Amino acid sequence: MSEGIDSKMMIGKMAILLATLQDHPWRKTVEQQLRTEGYRYAIGRVGAMDMMKVIAAIETAAKNNEIIDGESYREVHAVYHAIIEALQGVGRGEVQFGNILRTVGLTFSIVRGKFAGTVPHQGDWIAVAIYGTIGAPKKGFEHEAIGFGFNHI
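Please read these numbers as outputs of a predicted model, since none were measured by experiment. Position numbers for residues count from 1 along each chain, tracking the sequence in the order it is written. A pLDDT threshold of at least 70 governs which residues receive local features in this predicted model, and a stricter bar of 80 or more applies before side-chain atom pairs are shown or counted, although totals over entire chains, interfaces and linings include all residues. The side-chain quantities take in all heavy atoms of the structure and omit both hydrogens and water.

In this text, buried Ala, Val, Leu, Ile, Met, Phe, Trp, Tyr and Cys residues form a nonpolar core when linked through side-chain atoms within 4.5 Å. The cut-offs for exposure are 20% and 50% of the maximum accessible area for each residue type, with area from a 1.4 Å probe on protein chains only; residues under the lower value are buried, those over the upper are exposed, and the others partly exposed. With 30 residues, the main nonpolar core has Val54, Ile58, Val79, Ile110, Ile126, Val128 and Ile130 as its most contacted residues. We count a stretch as a helix when DSSP gives it H or I for four or more residues in a row; a strand needs E for two or more, and each element gets its number in order from the N terminus. Listed by contribution, the elements that provide at least two residues to this core are strand S1 (40-48), helix H3 (51-64), helix H4 (73-90), strand S2 (103-113) and strand S3 (125-135). Among the elements that take part in this core, H4 stands out by supplying nine residues, more than any other. Ignoring sequence-local partners within four residues, the contact set of Ile126 consists of Ile67, Ile68, Ala78, Val79, Ala82, Ile110, Val111, Arg112, Gly149, Phe150, Asn151 and Ile153. Among the nonpolar cores identified, the runner-up in size contains 14 residues, and Ala19, Leu21, Tyr39 and Tyr131 belong to it. Two residues form a contact once any of their heavy atoms are found within 4.5 Å.

In structure tokens form, the structure reads like this:
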């Protein structure tokens, strides 16, 4: 991986790599590739039993890091749907935590840019990847989970 990343790498793969590599040195390589290709991205962490706190943390990171325009309903709505889709993966289809006695400790990434597929797509897309742990609110009772959401802006 130190030789660089395939420039045809998809926006979703890059988001997943950012979230899962966390403190690994390869993350810097992914970040450099994103900057070179002109993508906007952010990485953050959130832990909560309240799903709304997780959504708010990711949405706030998207706004504060200028991934989306917080005044644009279309952009806020797109990131919201990508977040919900990613949370469905983490929760195995259930988008609720505290009210069923589950807590999460998550690293998330948000990537915005062009979709590099075989067919040209207009406009930007947004990918949200979430990786971490979910389980009972007691140390040692959690397991790994990953979720991914993707939406056009």
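Back to the write-up after that little detour.
Moving on: H3. To estimate how far a helix should reach, multiply one less than its number of residues by 1.5 Å. Compared with an ideal rise of 1.5 Å per residue, which puts 14 residues at 20 Å, H3 spans 20 Å between its outermost C-alpha atoms and is within 8% of the ideal. If you check which residues of H3 are buried, you get Met51, Val54, Ile55, Ile58, Glu59, Ala61 and Ala62. Take H3 and look down its axis: the buried residues cluster within an arc of 155 degrees, on one side only. Exposed and facing more than 90 degrees away from the buried side of H3 are Lys53 and Asn64. Among the structural elements, S1, H4, S2 and S3 are those in contact with the buried residues of H3. To be clear, the arc concerns the directions from the helix axis to the C-beta atoms.

Attention now moves to the pattern of salt bridges. For this document, the term salt bridge refers to a Lys or Arg side-chain nitrogen within 4 Å of an Asp or Glu carboxyl oxygen. One pass over the full model with this rule turns up seven salt bridges. Between Arg45 and Asp23 there is a salt bridge; the shortest N-O distance is 3.4 Å. Here Arg45 is found in strand S1, whereas its partner Asp23 is found in the loop between helix H1 (11-21) and helix H2 (26-37), with 22 residues between them in sequence. With its nearest N and O atoms 3.8 Å apart, the salt bridge here joins Lys28 to Glu31. Remark: Glu31 and Lys28 occur in helix H2; sequence separation between them is three residues, near one turn of the helix. One network of salt bridges, in which partners are shared, links Glu75, Arg112, Lys114 and Asp124.

Let's shift gears to the packing of H3 against H4. Between N-to-C directions, angles span 0 to 180 degrees; the directions come from axes that are lines fitted to C-alpha atoms, helices contributing only their stretch in contact. As a packed pair, H3 and H4 sit with axes 10 Å apart at the nearest point and diverge in direction by 135 degrees. On the basis of their axis angle, the class for H3 and H4 is oblique. Read as a crossing pair, H3 and H4 show a hand that is right-handed. Here Met51, Val54, Ile55, Ile58, Glu59, Ala62 and Lys63 of H3 come into contact with H4, specifically with Val76, Val79, Tyr80, Ile83, Ile84 and Leu87. All amino acids are sorted into three groups, where Ala, Val, Leu, Ile, Met, Phe, Trp, Tyr, Cys and Pro are nonpolar, Asp, Glu, Lys and Arg are charged, and the leftover types, Gly among them, are polar. A breakdown of the residues in the contact of H3 with H4 according to their chemical character gives eleven nonpolar, no polar and two charged. Oblique is the label for any angle not under 35 degrees, not over 145, and not in the 65 to 115 range, which are roughly parallel, roughly antiparallel and roughly perpendicular in turn. Two helices that cross are described as forming a left-handed crossing if the nearer one is turned anticlockwise from the farther one by less than a right angle, and a right-handed crossing if clockwise.

Before going further, it helps to examine the environment of Gly149. With respect to the helices and strands, the residue Gly149 is situated in strand S4 (residues 142-152). For Gly149, a relative accessible area of 0% corresponds to the buried category. Apart from the residues within four sequence positions on either side, Gly149 is in contact with Ala82, Glu85, Ala86, Ile126, Ala127 and Val128.

Moving on, we come to the pairing of S3. Counted residue by residue, S3 has ten buried out of eleven residues, so it is predominantly covered. Bridging between S2 and S3 involves eleven bridges; their strand directions are antiparallel. Its bridge partner being in S3, Val111 is matched across the sheet by Ala127. Two strands form a pair only when DSSP identifies at least two bridges running between them. Taken together, the eleven bridges between S3 and S4 define a ladder with antiparallel strand orientation.

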